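# Summary of the model geometry
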Amino acid sequence: MSLDDDQQYAENRDELLNRFRESLKKPMSERYFDEDDLVEIFDYAGDLNDDFLRMEVLMCGARYYPDSEQLLERRGIFYSQYSDEAREQFLLHTDPSGNPILEILTVRSNPPEDDKAKETLDAMLNRYESLTDEEVIQFIDLASSLDQWDWIRSNMDRLRKKAQYLNVLLYEVAIVAELAQDYAYGAQMMEELTEIEPFNSYFWMLLARLYAQANDQERAMSAIDYSLAINPDSAPSLLIKAKLLNSNEGSMKEIIKLCKRALELAPGDIDVLRFLSMVYQNAGVPEMAEKLLTEALDQVPETDNPDDRQRVFDIIPELILLQPKNIGRLLDRFFRASDENSHLMWASWAQQLSMQGHPEIAREIIKCFERNTGNKIPSLFGIEDAFTDKNFAEAINEVADYVNTIGSSEEFFPSLLAIHLMALAKTEGPEAAIRLAQQVSDEVDLNSFHSINSKLEYLGLQMLINDIKTRNNRHLSLKFWRDKYDPLNYWNTTE
């Protein structure tokens, strides 16, 4: 297909879609589209994620072509993508026999056991003499959902013989290869596809993306240059070229120029805004980085849509590292979007940031959880705060809460026990600390620690225990332990 043919096809498809949109202003009885037109509009609306148009197509088809097999299949696809329950109800009132798409939806509804997946796919492929474009799309998607990427690769010869339109098969397999992280094989599919359609800018862009993920930077740059030569106004292609330049330490000025041009073509594009934010952050311009990430988040509506929620999960953790003034509101939005709001998840997140040198952000995370649940969340820096503020009884309780709620990993066990021992010595005296140390050594094999860091912390813990025992042998008063004992020299106490 030539470049002119590609453009003509795209123009005809856009004209058909626009004509259908305009017809929606008219009574149903005045809308005139043949069956194939409605199928094409439905499929194109799916590419655009326009569920309103797809629903309008189905209602129009139900009136004019109530017995259409193709439109029945599209109803099944629509219900399947809407919800599992809708798909179940549709299949309950439909006979899938002899219809590949309906059979595929049935298998998706009741998937085989893992050891039967290959057998199921083989049997299905054997039954089909050929596969239409939509049947190829649905069948490859089914195999991918069953985690059968290896089956797809090993059956490509059979799939090629069955597919009525090879281009669709190559494209779908390339997309699934990318999901399976088999970037080299995906690139092979796109190489073949660009030979068939050498003037398709989008295909060259996908090929460049796969080359980049396969760490073939030279070929990736060549492919993206070809894509932009065909269509210099492609925002996704401009973004990929900017990323390639960035990974090859290209000119920052050129990278920013490409991103700004992409934003002119696609205002508010979240992927471009996030990437450009990273560029500015790495260049030491956090104010611009924060501005761009905030703009990216502003594009995301607060809905239950999984894609919108994932955007929130991607953007907010990046944005809070820039310590914006509205960090509390950002974290509240993250909380509302998340289904996983356990003590463990929020404590682990706070703990990770604290270890990375962001204790203030970690505290905001803890505050957010407590603000939104009314429950106190134990944390390592909460324990440290209580200890350094000389709230020793609170520190002991915090350690107990932490261990009971989150557990104690090899990584944090020595430091937790050390704080507990010092707090006990400060409140109840050295004998209580020594008893706890003995009890722990009887119950826990401290020598089972594996990492060097844990072993070093364990040595420090042993030094602390020996120090408590040595001082105890000097029969120091309880007043000394409460007022003067300062093994870390934290409070600059004179002993």
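The structure reproduced in this document is the subject of the present report. In this text, all values refer to a predicted model and were calculated from it rather than measured experimentally.

### Notes on the overall build of the chain
- Along its length, the chain carries 28 helices and zero strands.
- A compact globule built from 495 residues would reach a C-alpha radius of gyration of about 23 Å, whereas the chain, at 31 Å, exceeds it by more than 25%.
- By its C-alpha atoms, the chain is 100 × 55 × 45 Å across when sized along the principal axes.
- By the burial criterion, 45% of the 495 residues in the chain qualify as buried.
- Considering only contacts within the chain whose residues lie at least 6 apart along the sequence, 56% involve residues at least 24 apart.
- Total accessible area on the chain is roughly 26,500 Å²; 47% of this is exposed by carbon and sulfur atoms.
- Where the 50 positive side-chain charges of the chain centre and where its 89 negative ones centre are 6 Å apart.

### A look at the pattern of salt bridges
- Taken as a whole, this structure holds 31 salt bridges when the rule is applied.
- Between Arg-74 and Asp-43 there is a salt bridge, with its nearest N and O atoms 2.9 Å apart. With a gap of 31 residues between them, Arg-74 in helix α4 (residues 69-82) and Asp-43 in helix α2 (residues 35-47) connect regions that are remote in the sequence.
- Of the residues examined, Arg-74 reaches a relative accessible area of 5% and is grouped as buried.
- We note a salt bridge from Arg-471 to Asp-467, for which the minimum N-O separation is 2.9 Å. With Arg-471 and Asp-467 both in helix α27 (residues 452-473) and four residues apart, the pair spans about one turn of that helix.
- By relative accessible area, Arg-471 is classed as buried at 12%.
- The network of salt bridges with shared partners includes Asp-43, Glu-73 and Arg-74.

### Thoughts on the packing of helix α11 (residues 166-179) against helix α12 (residues 183-196)
- Running from amino to carboxyl end, α11 crosses α12 at an angle of 155°, the nearest separation of the two axes being 8 Å. In terms of axis orientation, α11 runs roughly antiparallel to α12. Taken as a pair, α11 and α12 cross one another with a handedness that is left-handed. Two secondary-structure elements touch here, α11 through Leu-166, Asn-167, Leu-170, Tyr-171, Val-173, Ala-174, Ala-177 and Glu-178 and α12 through Tyr-183, Tyr-185, Gly-186, Met-189, Met-190, Glu-192, Leu-193 and Ile-196.
- Residue composition of the contact of α11 with α12, grouped by class: 12 nonpolar, two polar and two charged.

### Describing the nonpolar core
- Membership of the largest hydrophobic core comes to 99 residues, with the highest contact counts inside it found for Phe-139, Ile-152, Val-173, Ile-320 and Trp-346.
- Sort the elements by how many residues they give to this core and helix α13 (residues 201-213) lands first, with eight residues.
- Leaving out residues up to four positions away in the same chain, Ile-320 has contacts with Ile-327, Leu-330, Leu-331, Trp-349, Leu-353, Ile-361 and Ile-365.

### Quick word on a negative patch on the surface
- On the surface, Glu-113, Asp-114, Asp-115, Asp-147 and Asp-150 cluster together to form a negatively charged patch.
- Tracing the sequence through the fold places Asp-150 in helix α9 (residues 149-154).

### Overview of a nonpolar patch on the surface
- Among the surface-exposed residues, Ile-452, Leu-456 and Leu-459 lie close enough to one another that they form a single nonpolar patch of about 340 Å² accessible area.
- Take Ile-452: it is sitting in helix α27.

### Considerations on the side chain of Ser-237
- One can find Ser-237 in helix α15 (residues 235-247).
- Owing to a relative accessible area of 1%, Ser-237 belongs among the buried residues under this scheme.
- Setting aside chain neighbours within four positions, we find Ser-237 in contact with Ser-201, Met-205, Ile-224, Ser-227 and Leu-228.

### Details of the packing of α11 against α13
- Two numbers describe how α11 lies on α13: the axes approach to 11 Å, and their chain directions differ by 30°. Classed by the angle they form, the pair α11 and α13 counts as roughly parallel. The two elements α11 and α13 cross, and the hand of that crossing is left-handed. Between α11 and α13, the residues in contact are Tyr-171, Ala-174, Ile-175 and Glu-178 and Tyr-202, Phe-203, Leu-206, Arg-209, Leu-210 and Gln-213, respectively.
- For the contact of α11 with α13, the residue count by class is seven nonpolar, one polar and two charged.

### A closer look at α4
- Along its 14 residues, α4 runs 20 Å from first to last C-alpha, staying within 8% of the 20 Å computed at 1.5 Å per residue.
- Turning to α4, its buried residues number three or more, namely Leu-71, Leu-72, Glu-73, Arg-74, Gly-76, Ile-77, Phe-78 and Ser-80.
- In this structure, the buried residues of α4 make contact with α2, α3 (51-64), α5 (84-92), α6 (100-109) and α8 (133-145).
- Where α4 begins, the capping side chain belongs to Ser-68, and its oxygen is found 3.4 Å from the backbone nitrogen of Gln-70.

### Looking at unusual backbone geometry
- A positive phi is found at Asp-147, a non-glycine position, where the angle reads about 60°.
- On the secondary structure map, Asp-147 appears in the loop between α8 and α9.
- Taking the relative accessible area as the measure of exposure, Asp-147 reaches 68% and is therefore exposed.
- With a phi angle near 60°, Gln-181 is a residue other than glycine that sits in the positive phi range.
- Along the polypeptide, Gln-181 turns up in the loop between α11 and α12.

### Describing helix α17 (residues 270-282)
- With 13 residues, α17 extends 18 Å between its outermost C-alpha atoms, agreeing within 8% with the 18 Å of an ideal straight helix rising 1.5 Å per residue.
- Every buried residue of α17 is listed here: Ile-270, Val-272, Leu-273, Phe-275, Leu-276, Ser-277, Val-279 and Tyr-280.
- Those residues of α17 that are buried are in contact with α15, α16 (252-265), α18 (286-298) and α19 (306-320).
- The N-cap of α17, judged by a side-chain oxygen 3.1 Å from the amide nitrogen of Asp-271 a few residues on, is Asp-269.
- Once α17 finishes, Gly-284 follows within two positions and takes phi at roughly 80°, a positive value.

Basis of the calculations
- Residues numbered from 1 in each chain as written.
- Predicted model: local features only at pLDDT ≥ 70, side-chain atom pairs only at ≥ 80, totals over all residues.
- Heavy atoms only, no water.
- Helix = DSSP H or I, 4+ residues; strand = E, 2+ residues; numbered from the N terminus.
- Rg over C-alpha atoms; globule rule 2.2 N^0.38 Å.
- Buried < 20%, exposed > 50% of the residue type's maximum accessible area, 1.4 Å probe, protein only.
- Contact = heavy atoms within 4.5 Å.
- Areas by Shrake-Rupley, 256 points an atom, 1.4 Å probe, with all protein chains shown as cover.
- Lys, Arg positive; Asp, Glu negative; His and termini not counted.
- Charge placed at Lys NZ, Arg CZ, Asp CG, Glu CD.
- Salt bridge = Lys/Arg side-chain N within 4 Å of Asp/Glu carboxyl O.
- Axes fitted to C-alpha atoms, helices over the stretch in contact; angles between N-to-C directions.
- Parallel < 35°, antiparallel > 145°, perpendicular 65-115°, else oblique.
- Left-handed = near helix turned anticlockwise from the far one by under 90°.
- Nonpolar A, V, L, I, M, F, W, Y, C, P; charged D, E, K, R; others polar.
- Core = buried A, V, L, I, M, F, W, Y, C linked by side-chain atoms within 4.5 Å.
- Patch = residues over 30% accessible without salt bridge, like charges linked within 9 Å, V, L, I, M, F, W, Y side chains within 5 Å.
- Expected span 1.5 Å × (residues − 1).
- Polar contact = N/O pair within 3.5 Å; in protein donor to acceptor, adjacent residues only side chain to side chain.

These figures capture arrangement, not role.
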